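Chains, contacts and geometry: an overview
Take a look at the letters that make up each chain.
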Amino acid sequence: MASLRSSLAAIEVMMMIMAAAMAGICSAGDPFVYFDWNVAYMKASPLGVEKQVISINGQFPGPLVNVTTNWNVEVNVLNSLDEPLLITWDGVQQRKNSWQDGVMGTNCPIPVGWNWTYRFQVKDQIGSFFYFPSIGLQRAAGGFGGFTANNRPIISVPFDTPHGDITLFIGDWFNKNHTDLRKELDQGKSLGVPDGVLMNGKGPYRYNNTIVPADIVHETINVQPGKTYRFRVHNVGMFTCLNFRVQSHNLLLTETEGSYTVQQNYTNLDIFVGQSYSFLITMDQNASSDYYIVASARFVNGSKWDRVVGVAILHYSNSKGKASGPLPDPPNDVYDKTYSMNQARSIRWNVSASGARPNPQGSFRYGSINVTQLYVLKNQPPMLIDGKRRATLNGISYSSPETPLRLADQYDKKGVYKLNFPTKYDPGSPKIATSIINGTYRGFMEIVFQNNDTRVQSYHLDGYSFFVVGMDYGDWTDNSRGTYNKWDGVARSTIQVYPGAWTAVMVSLDNVGIWNLRSEDLDSWYLGQETYISVVNPESTNKTEQPVPDNALYCGLLKDMQKQQSPHGQGLNSSSTLASRSGMILALMFVAALLMFL
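Residues numbered from 1 in each chain as written. Predicted model: local features only at pLDDT ≥ 70, side-chain atom pairs only at ≥ 80, totals over all residues. Heavy atoms only, no water.

Digging into the domain arrangement of the chain
Considered domain by domain, the chain is made up of domain 1 (28-155), domain 2 (157-352) and domain 3 (366-535). Between domain 1 and domain 2, the C-alpha centre-to-centre distance is 23 Å. Of the residues lining the interface, 32 residues belong to domain 1; the matching set on domain 2 comes to 38 residues. Taken together, both faces of the contact between domain 1 and domain 2 bury some 2800 Å²; the carbon and sulfur share is 63%. The three residues of domain 1 that bury the most area against domain 2 are L47, S128 and L137, which together make up 25% of that side's buried surface. The interface formed by domain 1 and domain 2 holds 1 salt bridge in total. (Domains from an automatic or database assignment. Contact = heavy atoms within 4.5 Å. Buried area = accessible area lost by both parts, 1.4 Å probe. Salt bridge = Lys/Arg side-chain N within 4 Å of Asp/Glu carboxyl O.)

Following this line, the structure appears as C-alpha cells:
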C-alpha cells in the first residue's frame, strides 16, 4: 500500500505537469492543475502537549498550491473530519465565481465523509496568499497552507529571480483542541493568553531553557551564503499580531497580498492576523553561528505573554555553530502602536511595476474615482445580546443562516437575509441578524473601520483587493479624508485597525457575487463580527458571473435538491480508492501520450 501510494503520488505530479503543458500546447486555453486532498485529524505536539490537528494528505501545514496567473485550479477535498468542512482561499479573488469562495454565505459545508471539488481560475492575480478551513474555529487546529500565484514569463518582476522561495507560517497557538475553544466562546468566556507561537507548524527553538521545554521540534531553514531568498510570511494565527524579524538580516519588502510594493528595508515588521508579506532576504552575514528567526507578540501586557514567541533557525551551509544568546530586540515598546502605525503607513504601492498584466499597477488611478457608497463600520468589545456573548459591527452580530446567501438568491428563496446593513453605527440596542450590505455594481465603495475595542483587529474582504488610503487615531470624520493617500496606497485584502483608531479603504465593486467581509481574528469572527457585500449586475447577462456549478452542494431550504453521496470511509487511504485513482491516472497518461503524436 505504501509503495502504491508513493507511486501514484509521483504519477500525479507528472500528470499535473503534463496536463499543464498539454493545455498550453494543444489549445489556446490556460493550463489546468489538479489536486486531491484528504483533510483529516492527526496527533501532533508542537508545544510539547499532544493535541488533535488538521492535516491535508498527512501534512501539517498543508501542501503548497504553486500556480501561475490565469491557471485553472481543481482541488478535490475529501472531508475525513468528524464535522462539516469548508476551505476558503484568502486573497484569491474568485473573479465572477463566488461559488468557489468556501465560506458559509456562498457554500454549503462538505458533510463528514463526503468530497467536493473546487474549480476556479486564478484570474489576473499574482502574489502570496493562503488557504484555510473557514468554519468553527478549525483554522486554530491547522488545515492551512500556502497559495502562490507566479507571474507569467512575459510579465517582468520588479526584482531579480531569487535563489529560493520559502513559505513561512507564523501564528499564535493554543494547546486546547479547537472544539474546546469553541465551547469556551459559547460559554461566554474569553480565550486568554495563547500557549505559544508556531512557525511552519513547529514550536520554538530552545533559546530559553525556562520558557521552552526540552524536546520541542523547531523549524530550520537552510540557505547558501551570498544568495537572496524570497520569504513569503503568513500570519495564520487566532488573534495575535506578531513582530517578525531575522537576526542581523534586513527584510526587503517587495509584495503583499497580490501587490508589488515600493521596495524598502525593515529590521522588523508587524504582521497582523490574516496578513501575508513577501521579503527578499540576502544571506550577507559571516555565519559565525546560526541566526534566529523570530515572531513575537505585540500590544500585550504581562509576563504570561513571555512564552508567546516563535523561534526558527536560519542555517547557513557554512555555519560555525548553533544560535545562542538573546533574541534580536523587538521594537522598544511592545505596546507602541504609533511605531506600528507609522510602519504601516510606510508600505506603499509600486505604481510603476506591472502586476499580473503588463500595464503598471498605478495605471488604475483609484484616487480620481468618485465614491458612490460610504460605510463606517464600528466595532466594540464583545457584549451580551439575548444572553449570549457576541461581537458586532455597527451594532449587528451576524447570524449565519442554514441556506447560503448566494444559493438563496439563485433559487429565489426569500427571507434568508436582509439588504439593510446600516451605513454607520446605530446607537440603539445591538441585535443578532442576517443583515448584509447592498453594493452597487461598478460602484466605488469607501469603507471605514472604526475600532472601539481595546485590542487590535484585522479585517478581510473576499473577492477583492482594496486600497488602503488612510489610518489614524480618534474617530473618523468627513474631514479625515484630507489625510488620505490617493496615489500609492497599497492594494491588499487584509488590513489592521488599531484600538481607538480608524482605517479607511476604497474598493471598486466590479466582481459580481456575494462576498464575505469579516474580522480575521478567529474569536471575533466566530462571535459574529462579519457581514457580506452583495454585488449584483442589474442587467440580465451571463458574462459577469459564472453559473452555479454542476457539483454544487445543497442545504437548508434547498436540502431536498441534494443527491446523496456515500461516505468514503478511509477516503484516499483505501485500496479501492487508490486502485480507482490509479486507473484514472493511467487513462489520462494514455490520452496525453496520444495527444503528443497528434
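Still more to cover.
A look at the pattern of salt bridges
Under the criterion given, the structure shown has 24 salt bridges. As a salt-bridge pair, E257 and R492 come within 2.8 Å of each other at their nearest N and O atoms. With E257 in the loop between β14 (251-256) and β15 (259-266) and R492 in strand β29 (residues 491-492), the pair connects residues that are 235 residues apart, well separated along the chain. Taken as a pair, E257 and R492 share a single burial class, namely buried. Each of D90, R139, D462, R518 and E520 takes part in salt bridges that share partners, so that together they form one network. (Helix = DSSP H or I, 4+ residues; strand = E, 2+ residues; numbered from the N terminus. Buried < 20%, exposed > 50% of the residue type's maximum accessible area, 1.4 Å probe, protein only.)

A few points about the state of the cysteines
Linking two cysteines covalently through their sulfur atoms gives a disulfide. Tallied over the full model, the rule gives 1 disulfide. Shown here is the disulfide that connects C108 with C555, its sulfur atoms set 2.1 Å apart. Because the sign of the S-S torsion sets the handedness, a value of about -90° for the bond joining C108 and C555 places this disulfide among the left-handed ones. Of this pair, C108 sits in the loop between β5 (87-90) and β6 (115-121) while C555 sits in the loop between β33 (530-536) and α6 (575-596), placing them 447 residues apart in sequence. (Disulfide = S-S within 2.5 Å.)

Describing the environment of Q380
The residue Q380 is located in the loop between β20 (373-379) and β21 (383-385) in this model. In this structure, the C-alpha to C-alpha distance between Q380 and D412, residues 32 residues apart in sequence, is 34 Å. In contact with Q380, other than residues within four places in its own chain, are T392, Y425, N452, D453 and Q529. Of note is the side chain of Q380, whose polar atom sits 3.5 Å from the side chain of Y425. (Polar contact = N/O pair within 3.5 Å; in protein donor to acceptor, adjacent residues only side chain to side chain.)

Thoughts on the nonpolar core
Grouped together as the largest cluster of nonpolar side chains are 107 residues, with contacts concentrated most on F231, F244, F279, I293, L314, F449 and Y498. Considering each element in turn, this core owes the most residues, 6 residues, to strand β31 (residues 501-508). In contact with L314, not counting residues within four places along its chain, are I221, V223, F231, V246, H249, M283, D290, Y291 and I293. If you look at the next biggest cluster of nonpolar residues, it comprises 38 residues, including F35, Y41, C108 and L553. (Core = buried A, V, L, I, M, F, W, Y, C linked by side-chain atoms within 4.5 Å.)

Details of the side chain of D453
Along the chain, the position of D453 falls in the loop between β26 (444-451) and β27 (457-461). One buried charged residue, D453, forms no salt bridge at all, with the nearest opposite charge on R455 at 5.5 Å. Side chain to side chain, D453 and Q457 meet in a polar contact 3.3 Å long. Excluding anything up to four places from it in sequence, D453 contacts N379, Q380, P381, P382, P499 and G500. (Lys, Arg positive; Asp, Glu negative; His and termini not counted.)

Notes on the UniProt feature "domain: Plastocyanin-like" (unreviewed entry) in the chain
Here, UniProt's "domain: Plastocyanin-like" (unreviewed entry) annotation points to residues 39-151, 165-319 and 403-539. As a span, residues 39-151 carries 0% helix and 42% strand, and end to end its C-alpha atoms are 29 Å apart. (UniProt positions renumbered as here; feature names shortened; annotations may be inferred.)

Here we look at the environment of S524
Relative to the helices and strands, S524 resides in helix α5 (residues 522-526). Note: C-alpha distance between S524 and L185 (339 residues apart in sequence) is 9.8 Å. With residues up to four places along the chain from it excluded, the contact list for S524 reads A391, R455, Q457, S519 and Q529.

Re the pairing of strand β9 (residues 164-173)
For β9, a buried count of 9 out of 10 residues is recorded, marking the element as mostly surrounded by other parts of the structure. As defined by bridge partners, β9 adjoins strand β10 (residues 196-199) across 4 bridges and the pair is classed as antiparallel. The residue of β10 that forms the bridge with W173 is G196. (Pairing = 2+ DSSP bridges.)

Quick look at helix α2 (residues 178-186)
Buried within α2 are the following residues: H178, L181, R182, E184 and L185. For α2, the angular spread of the buried residues around the axis is 160°, confining them to a single face. Of the exposed residues in α2, the ones pointing more than 90 degrees away from its buried face are K183 and D186. Buried residues along α2 sit in contact with β1 (32-44), β22 (388-390) and α5. In the segment just after α2, G188 is the residue with positive phi, at about 85°. (Arc of directions from axis to C-beta.)

Focus on the sheet that holds β26
The sheet built from 5 strands is open, its strands ordered β20-β26-β31-β28-β29 with mixed pairing. Of all strands in the sheet, those bounded by a partner on one side alone are β20 and β29. Here strand β28 (residues 466-473) runs beside β29; their pairing, made up of 2 bridges, is antiparallel. Bridge pairing in β29 places F467 opposite A491.

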